[in-house]
Amino acid sequence: GTCYQQVKRVLHAAVPDRLHGRERETGIIRQFLREHVGGRRPGSLYISGAPGTGKTACLSRVLLDCKDELAGSKTVVLNCMALSSPQGVFPTVGQQLGLPTATGREGMRRLEKQLTARGPMVLLVLDELDQLESKGQDVLYTLFEWPRLPGSRLVLVGLANALDLTDRSLARLGAHPAGGPRLLHFPPYTREQLTAILQERLGQVAGDTVLDAAALQFCARKVSAVSGDARKALDVCRRAVEVVELEVRSQTLLKPLPGGEW
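Presented here is an overview of the structure given in this document.

Thresholds, definitions, all that
Residues numbered from 1 in each chain as written. Predicted model: local features only at pLDDT ≥ 70, side-chain atom pairs only at ≥ 80, totals over all residues. Heavy atoms only, no water. Helix = DSSP H or I, 4+ residues; strand = E, 2+ residues; numbered from the N terminus. Buried < 20%, exposed > 50% of the residue type's maximum accessible area, 1.4 Å probe, protein only. Areas by Shrake-Rupley, 256 points an atom, 1.4 Å probe, with all protein chains shown as cover. Core = buried A, V, L, I, M, F, W, Y, C linked by side-chain atoms within 4.5 Å. Contact = heavy atoms within 4.5 Å. Pairing = 2+ DSSP bridges. Axes fitted to C-alpha atoms, helices over the stretch in contact; angles between N-to-C directions.

Digging into the overall build of the protein
- Scanning the protein from N- to C-terminus turns up eleven helices and five strands.
- Here the protein holds 262 residues, and 43% of them are scored as buried.
- As displayed, the protein has an accessible area near 14200 Å², and 53% of this comes from carbon and sulfur atoms.

With respect to the nonpolar core
- Judged by nonpolar contacts, the single largest core of 27 residues is most densely connected at Val89, Leu126, Leu129, Leu132 and Leu143.
- Where this core is concerned, the elements lending two or more residues are strand S2 (74-79), helix H4 (89-96), helix H5 (104-115), strand S3 (122-127), helix H6 (138-145) and strand S4 (154-160).
- No other element matches H6, which puts four residues into this core.

Section: helix H3 (residues 55-65)
- Considered for burial, the residues of H3 that qualify are Lys55, Cys58, Leu59, Arg61, Val62 and Leu63.
- On its buried side, H3 packs onto helix H2 (23-38), strand S1 (43-49), S2, S3, S4 and strand S5 (182-186).

Here's the deal with the sheet that holds S1
- Strand order in this open sheet of five strands is S2-S3-S4-S1-S5, and the pairing throughout is parallel. Looking at strand neighbours, the two that pair on one side only are S2 and S5, the edges of this open sheet. Strand-to-strand twist of the sheet, defined as the mean angle between neighbouring strand axes without regard to direction, takes the value 15 degrees.
- In the packing of H2 onto the sheet, the strands contacted are S1, S3, S4 and S5, and the crossing angle to S5 comes to about 155 degrees.
- Sitting on the sheet, H6 is in contact with S1, S3 and S4, with an inclination near 140 degrees to S4.

Written out as structure tokens, the structure is:
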């Protein structure tokens, strides 16, 4: 029973110490943060990729690894799904930066003034960025325009599924002399990468393997053909372990006692 519990635990989609197949992307994010936050250069990065391709996990890993380097700056991480409206991002971020609560244009102006005043660099991470799409795209445009303002100390990192979000919603930024945000795309995981991820997770559990190599290969092949979603692969394996666990439990309950009778 304990063995199955351990296997299920390692198959949960937590942030691992090492992200297989994402060394390039992790390096780009780390270098971007060093150049902009560490180098006090405002800027923006847009990270795109389908669900389960490791965007949030990679960024979370880099933020953990670079905690000491980012200690002199202020980091705000926000999942935009938690906002009731796109405009709600401004008072929410303002609150995180210690500003008095203000909504509407007043809250936006206060936040802009704060981000262009003297002080430490501000790293703003916005996950599920596509939730901020609005009529006229004013919210997204304002956020990506702020790192370009004179005296700005904002470094903006946005994450979303859509590859074309910046083309579709921020076309005006492309006409700016500085151009749009830097783009980083996460492709779907390949069969080999998914197999390596599953093997690495299961390798953390001592003793006999619960899922054999052929089963892992089959799972990785099926998931890579449909979506390349690592979370889906982990979920499929976890469910398979739950089925085996139930079967073993039912067999154990039906066994007669040694030397006894039914």
